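Chain and residue survey
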Amino acid sequence: MSVDIFKSMSKSGGFDLIITHLPTSTRVSFPGFITRFSDSYSADFNSEKIYGRMDPIVTYNGTGRQIAASFDVIAESIETAEENMQKFAIFSKMMYPKFARVDKSDTMSLKAPPLLKIKYANLIKDAFSDDGLVGAAQEATMVPSFDHGFFAPVDLPGVLYAKKYTIDISFEVLHVHQVGWDEKNKWLGGEDYPHSVPG
């Protein structure tokens, strides 16, 4: 599939990867060339063995959700390649927290952690709205493709812009709504949870 078709899909069908840095409201988006996606759920229990009892006593702590995804970002021109690199520069800065000065001095204290809101189509999306999921990103990686090569602008010696690179993201979803079942066995996490597919 060509770059133009992918860009057309991205603009018309909501296939942009949209990332927002919550402490600053900084926002960046990439055309959605998704190549890998995983959405895992883990229930955490404490387990205690009791003398004379075959099975341990388990205590429930909570359920976590972890999302990992890979996106290819492709440039058909040197201008697009430069823009892509600028976008990744913004994204890389989103992995850092926000600080505040203490009493107008040069001393800085942590004001907000680098929490992100990420949205991609119906795969990474809030079940109650068209918004993204809030998460704590553990890792963001940019890997340029040496097979596709680089643009080298003649007016900027020593500068390379990748024609294609892959962004890998892994983050832990932080639930902003009650997720679970009520006493009448009604699901509380939204009818479209988790991927906006009515069931």
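Below you will find a few notes about this structure. Here the structure is a predicted model, which means the values were calculated and not measured.

Next up on the list: the overall build of the chain. Looking only at helices and strands, one finds 2 helices and 11 strands in the chain. On C-alpha atoms alone, the chain measures out to a radius of gyration of 21 Å, which is more than a quarter above the 16 Å that the 2.2 N^0.38 rule sets for 199 residues. Along the first, second and third principal axes, the C-alpha atoms of the chain reach 75 × 55 × 35 Å. Every one of the 199 residues in the chain was classed for burial, and the buried ones make up 32%. Sequence-distant contacts in the chain: of pairs separated by 6 or more residues, those separated by 24 or more amount to 59%. If you sum the accessible surface of the chain, you get close to 12,500 Å²; carbon and sulfur atoms cover 55% of it. Counting 20 positive and 25 negative side-chain charges, the chain places the averaged centre of each group 4 Å from the other.

On the surface, Phe45, Val58 and Tyr60 cluster together into a nonpolar patch covering about 320 Å² of accessible area. Residue position: Val58 is located in strand β4 (residues 57-74). A residue is classified by how much of its surface remains accessible, and Val58, at 49% relative accessible area, is partly exposed.

So, about the sheet that holds strand β7 (residues 115-119). Strand order across the open sheet formed by 7 strands is β2-β1-β7-β8-β11-β4-β3, with antiparallel pairing between neighbours. Each end of this open sheet is capped by a strand with a single partner; those strands are β2 (26-31) and β3 (33-48). Ignoring which end each strand starts from, the neighbouring axes of this sheet average 30° apart. As defined by bridge partners, strand β1 (residues 16-21) adjoins β2 across 6 bridges and the pair is classed as antiparallel. Along β2, the bridge assignment pairs Leu17 with Phe30.

Reading guide: rules and limits
Residues numbered from 1 in each chain as written. Predicted model: local features only at pLDDT ≥ 70, side-chain atom pairs only at ≥ 80, totals over all residues. Heavy atoms only, no water. Helix = DSSP H or I, 4+ residues; strand = E, 2+ residues; numbered from the N terminus. Rg over C-alpha atoms; globule rule 2.2 N^0.38 Å. Buried < 20%, exposed > 50% of the residue type's maximum accessible area, 1.4 Å probe, protein only. Contact = heavy atoms within 4.5 Å. Areas by Shrake-Rupley, 256 points an atom, 1.4 Å probe, with all protein chains shown as cover. Lys, Arg positive; Asp, Glu negative; His and termini not counted. Charge placed at Lys NZ, Arg CZ, Asp CG, Glu CD. Patch = residues over 30% accessible without salt bridge, like charges linked within 9 Å, V, L, I, M, F, W, Y side chains within 5 Å. Salt bridge = Lys/Arg side-chain N within 4 Å of Asp/Glu carboxyl O. Pairing = 2+ DSSP bridges. Axes fitted to C-alpha atoms, helices over the stretch in contact; angles between N-to-C directions.

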